[in-house]
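Analysis of the macromolecular model
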Amino acid sequence: MKFSYEFSNLCGTVYKDGNLIFTSDSTKLLSPVGSRITVFDLKSSKTITLPFETRKDIKCFTVSPDNTMLLCVDVEGRAILINIHRKVLLAHHNFKKAVADIKYSPCGMYIAVTHDKHLQLWSCPFSGGGGGGGGGVKEFAPFVLLRTYPGQYDEVTCFSWSSCSEYIACGSRDMTVKVLTRSPVEGWKPVTLTGHKKPIVGVWFGDGSADTVISVSRDGGMFQWTHSSATSRWSLTDKKFVNQPGNVHVSSASLQNKLLVVGLTNGQFTLYDLPECDLIQTLSVSQKDISTVTISPSGELLALGCRSLGQLLVWEWQSESYILKQQGHSYSMSSVSYSPDSLAIATGGDDGKVKVWSTETGFCYVTFNEHTSSVTDVTFRSNGNVLVSASLDGTVRAFDLFRYRNFRTMTSPTPVQFSCVCCDASGDVVAAGTTDTFQIYTWNLQTGKLLEMLSGHEGPVTAVHFTQGLLVSSSWDKTIRFWDTFECKGTTDTLQLSSDCTTVAVRPDGLQVSVATLNSDITFYDVRLATPVGTIEGRHDLWPGRSKHDLISAKSQKRNHCFTALCYSADGSVLLAGGRSKFICIYNVAQTVLLKRFEVSRNLSYDAMLEFLRSDNMTDQGALDLMDTEEHCPGTEVPLPGVTKGDFSSRRTAPTINVYDVQFCPTGLSQHDYSSNIIIRKLYNIITVILHLLLREV
């Protein structure tokens, strides 16, 4: 089938929440991005996103010792088992409670899982050869519960296996550490180690022995416990504290390399050697608290993730240099543009930053932060050497992609807010529309001189495009206008629409334009005759879901949804459309029929993903989803009710998925022997990602 799209990569964000894991050879790093896992190849500098998705956002995951099996658990405790090499989904499993930590045993035959106040031991398919069976083959019951360890008075937060896979040390919020055995041992009683004054954030066994336990608490206390064979008792042999400002948020240890790294709430990390716990290095890497840290098996690399900033760092502590330093947009992404050679993608966000991503590697290689307000639109010059962006700060800026600098800043005589921008075919003229004065400004890119101010629209300008020597603009005043900017004749034609216009797209040959309106219709116009040639009613194609706040059904919500992004294919035969829905639609232009509709995401962590809500979640006080059952942590800020942009802090709000921009590959060919590829930009309100989908002809 021609329009059989296959997921390929996830760009625009590198880390959202959860733990980080290095492969055994320390050349790859696995990072959770929403409900998917992205693999960063540190050797070849490429990213690959696995084509599997959990039911909700990933909370934690683990990899088998031979790097064959991947087990991902979402925030509700639902897990999927994946064969990494074959990229095959083997099994689903439900732990029925939220999981804080999960790890394979060193032998690879068992999985330990935190289960509220308990710790559970499960058997799993053995991913290696010899003894254990499975070998990555599907089984009827791949998970079998072997033991459940009770005894904690609060939630189990972390645990660690011994190198022999016979002992487990677990830490809890009740400030105690327990030492457990995998198999029942005659005369053995679980050992409880006390002394910490804050919840435990990390616990490990000593290298090559189960007679030493090292634990770290939130207040920075690092305790070392030793078991005496003569007295068969555990004793506290060493006690040290992290003398740094801020509390300990996360910690990780590599006992083979005798290293311990601690992440603090002030954005710093500290590196210690074991067992003396002497300070080796301290570095501030973020402005927010560090969410997760991990040490590579070789002991040379440290990986750190910051959830609030979407930041991922790989630090080589011996040479004191960054191996990987990536960060997505801090707030929502507002625009996306493909370079003419299809090798780069430019994105603009509400954080005022413009980022350029490589389509081959998936990495961001340059970030421009000259804007002081939200970036509303970005576009490339025809030669691909210049990137132009418009912002609400009243400036249109041009960036040199050779020297990576802002070489031109274009403004208006009076302060305005720009909503859209475009360049002509020669790349010498730049046009931008406004939201407050309803005017369109044109500049000469070479000199930065203001050429003309076009007035006529009676509402905010939503899109501008050059075609056939004319400038096409759309507005909320229910009109699209054609302007002759080169001969200074002003408006040549005005087309009246039946509803407010949300966006407009121009066919590559410049002979046709498509207009999306607020009533979910898409209308095609002939540029030369200025007459409509076709109409698509897309109300039934968007098919919105029902939000937990909605008092009416999803079917009745169709009138509130419309298309906000349009894009023609390279040959102009099909049209790609996205809007206030989780669906992307592909239409045949000549026949005005729907060819394909596919779902952007199935992550239920976002609101309005289901058509029908479950009635068993309704109570006398309202829906269970609207109740915040968790208490706010001391010192956290709670924003005002109704905030839809910015830092959500600790308020439990479910973001929604909206497609605000779509782009076909300008060349029509990709670098991976596929027939075409597209970029889909999704707005998640909290974190935004770009889906890089490749079109394969089957």
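Worth saying up front: this structure is predicted, and the values here are computed from it rather than measured.

1. Quick look at the overall build of the protein chain
- Summing up its helical and strand segments, the protein chain has 1 helix and 58 strands in all.
- Looking at the protein chain residue by residue over its 698 residues, the buried ones come to 57%.
- Nonlocal contacts in the protein chain, meaning residues at least 24 apart in sequence, comprise 43% of its contacts between residues at least 6 apart.
- Of the roughly 29,800 Å² that the protein chain leaves accessible, carbon and sulfur atoms contribute 48%.

2. With respect to the confidence of the model for the protein chain
- Mean pLDDT over the protein chain stands at 83; residues scoring 70 or higher make up 85%.
- Below a pLDDT of 50 lies the segment residues 127–136, which in the model reaches 21 contacts outside its immediate sequence neighbourhood of four places, other chains included.
- This model gives residues 631–639 a pLDDT under 50, and the stretch forms 14 contacts once residues within four places in sequence are excluded.

3. Things to note about the nonpolar core
- Ranked by size, the top nonpolar core spans 17 residues in total, and within it Leu-81, Phe-95, Ile-102 and Ile-111 carry the most contacts.
- When residues of this core are traced back to their parent elements, those giving at least two are strand S7 (69–74), strand S8 (78–83), strand S9 (88–94), strand S10 (102–104) and strand S11 (110–115).
- Counting residues per element, this core draws most heavily on S7, at 3 residues.
- Ignoring any residue separated from it by four or fewer positions in sequence, one finds Ile-111 in contact with Leu-71, Ile-102, Lys-103, Tyr-104, Gln-120, Leu-121, Trp-122, Cys-124, Phe-143 and Trp-161.

4. Examining the side chain of Thr-479
- Mapping Thr-479 onto the fold places it in strand S44 (residues 479–484).
- Among the residues examined, Thr-479 registers a relative accessible area of 4% and is labelled buried.
- Looking at Thr-479, its side chain comes within polar contact range of the side chain of Asp-477, at 2.6 Å.
- Among residues more than four places away in sequence, those in contact with Thr-479 are His-457, Ser-473, Ser-474, Thr-494, Leu-495, Gln-496 and Leu-497.

5. Looking at the sheet that holds strand S41 (residues 450–454)
- Pairing within the open sheet is antiparallel, and its 4 strands lie in the order S38-S39-S40-S41. On the outer flanks of this sheet lie strand S38 (418–423) and S41, each paired with one strand and no other. Adjacent strand axes in the sheet meet at a mean angle of 20 degrees when their direction is disregarded.
- Inspection of the sheet shows strand S39 (residues 429–434) paired to strand S40 (residues 440–444) by 5 bridges, in the antiparallel sense. Note that in S40 the partner of Gly-433 across the bridge is Ile-440.

6. What to know about the sheet that holds strand S31 (residues 344–349)
- Here 4 strands make up an open sheet; going across it, the order is S30-S31-S32-S33 and the pairing antiparallel. For this open sheet the edge positions go to strand S30 (333–338) and strand S33 (364–368), each flanked by a neighbour on one side alone. The sheet shows a mean angle of 20 degrees between the axes of neighbouring strands, taken without regard to direction.
- Judged from the 4 bridges that link them, strand S32 (residues 354–358) and S33 form a sheet pairing that is antiparallel. Counted as the bridge partner of Lys-355 is Thr-367 from S33.

7. A look at the pairing of strand S43 (residues 470–475)
- Summarising burial for S43: 6 of the 6 residues are buried, a large majority.
- On S43, burial covers both faces: Leu-470, Val-472 and Ser-474 on one face and Leu-471, Ser-473 and Ser-475 on the other are all buried.
- Where strand S42 (residues 461–467) and S43 come together, 6 bridges link them in antiparallel fashion. Bridge pairing links His-465 to Val-472 in S43.
- With antiparallel pairing between neighbouring strands as the criterion, S42 and S43 make up a hairpin whose turn holds 2 residues, including Gln-468 at a positive phi of roughly 50 degrees.
- Sheet topology note: the S43/S44 ladder contains 4 bridges and is antiparallel. Among the inter-strand pairings, Ser-474 is bridged to a residue of S44, identified as Ile-480.
- If you look at the hairpin formed by S43 and S44, you'll find 3 residues sitting between the two strands, and Lys-478 has a positive phi there, around 70 degrees.

8. Overview of the pattern of salt bridges
- Under the counting rule described, the total for this entry stands at 17 salt bridges.
- Across the pair Arg-78 and Glu-76 runs a salt bridge whose closest N-O atoms are separated by 3.7 Å.
- Here the salt bridges share partners, and the residues they tie into one network are Arg-55, Lys-56, Glu-76 and Arg-78.

9. Notes on the side chain of Ser-296
- Structurally, the position occupied by Ser-296 is in the loop between strand S26 (292–295) and strand S27 (301–306).
- Classification of Ser-296 as buried rests on a relative accessible area of 0%.
- Not counting chain neighbours up to four residues away, the residues in contact with Ser-296 comprise Phe-22, Ser-26, Ser-254, Asn-257 and Leu-301.

10. With respect to the pairing of strand S23 (residues 259–264)
- The buried fraction of S23 amounts to 6 of the 6 residues, a majority that puts the element mostly inside the structure.
- With burial as the criterion, each face of S23 is covered, one bearing Leu-259, Val-261 and Gly-263 and the other bearing Leu-260, Val-262 and Leu-264.
- Taken together, strand S22 (residues 248–254) and the strand that follows it, S23, pair antiparallel across an intervening segment of 4 residues, in which Lys-258 is found at a positive phi of about 55 degrees.

11. Side note on the packing of aromatic side chains
- For the structure on display, the rule yields 11 aromatic pairs.
- Ring centres of Phe-418 and Trp-443 lie 5.6 Å apart, and the angle between their planes is 70 degrees; this geometry places the pair in the edge-to-face category. Of this pair, Phe-418 sits in strand S38 while Trp-443 sits in strand S40, and the two are 25 residues apart along the sequence. Residue Phe-418 shares its accessibility class with Trp-443, and that shared class is buried.
- Look at Tyr-441 and Trp-443: their rings are 6.1 Å apart centre to centre, the planes differ by 20 degrees, and that puts the pair in the stacked class.
- Clustering of aromatic rings is evident, with ring pairs tying together Phe-223, Trp-225 and Phe-241.
- Over the aromatic face of Phe-159 sits the side chain of Lys-103, whose NZ or CZ is 4.9 Å from the ring centroid.
- For the cation-ring pair, Arg-597 lies above Phe-583, with the distance from its terminal atom to the ring centre recorded as 4.4 Å.

12. As for unusual backbone geometry
- The backbone of Asn-67 sits at a positive phi, close to 60 degrees, despite the residue not being glycine.
- Along the chain, Asn-67 falls in the loop between strand S6 (58–63) and S7.
- Here Ser-520, not a glycine, exhibits a phi torsion of approximately 75 degrees, which is positive.
- Within the element layout of this structure, Ser-520 appears in the loop between strand S47 (512–517) and strand S48 (521–526).

13. Structural notes on the environment of Thr-467
- Mapped onto the secondary structure, Thr-467 falls in strand S42.
- When the C-alpha atoms of Thr-467 and Leu-511 are compared, they prove to be 7.8 Å apart, with 44 residues separating the residues in sequence.
- Every residue in contact with Thr-467, bar those within four places of it in the chain, is listed here: Val-472, Val-506 and Gly-510.
- At a separation of 2.8 Å, a polar atom in the side chain of Thr-467 contacts the main-chain carbonyl oxygen of Gly-510.

Parameters and conventions
- Residues numbered from 1 in each chain as written.
- Predicted model: local features only at pLDDT ≥ 70, side-chain atom pairs only at ≥ 80, totals over all residues.
- Heavy atoms only, no water.
- Helix = DSSP H or I, 4+ residues; strand = E, 2+ residues; numbered from the N terminus.
- Buried < 20%, exposed > 50% of the residue type's maximum accessible area, 1.4 Å probe, protein only.
- Contact = heavy atoms within 4.5 Å.
- Areas by Shrake-Rupley, 256 points an atom, 1.4 Å probe, with all protein chains shown as cover.
- pLDDT = per-residue confidence, 0-100.
- Core = buried A, V, L, I, M, F, W, Y, C linked by side-chain atoms within 4.5 Å.
- Polar contact = N/O pair within 3.5 Å; in protein donor to acceptor, adjacent residues only side chain to side chain.
- Pairing = 2+ DSSP bridges.
- Axes fitted to C-alpha atoms, helices over the stretch in contact; angles between N-to-C directions.
- Salt bridge = Lys/Arg side-chain N within 4 Å of Asp/Glu carboxyl O.
- Phe/Tyr/Trp six-rings, centres within 6.5 Å; stacked < 30°, edge-to-face > 60°.
- Lys NZ or Arg CZ within 6 Å of the ring centre and 35° of its normal.

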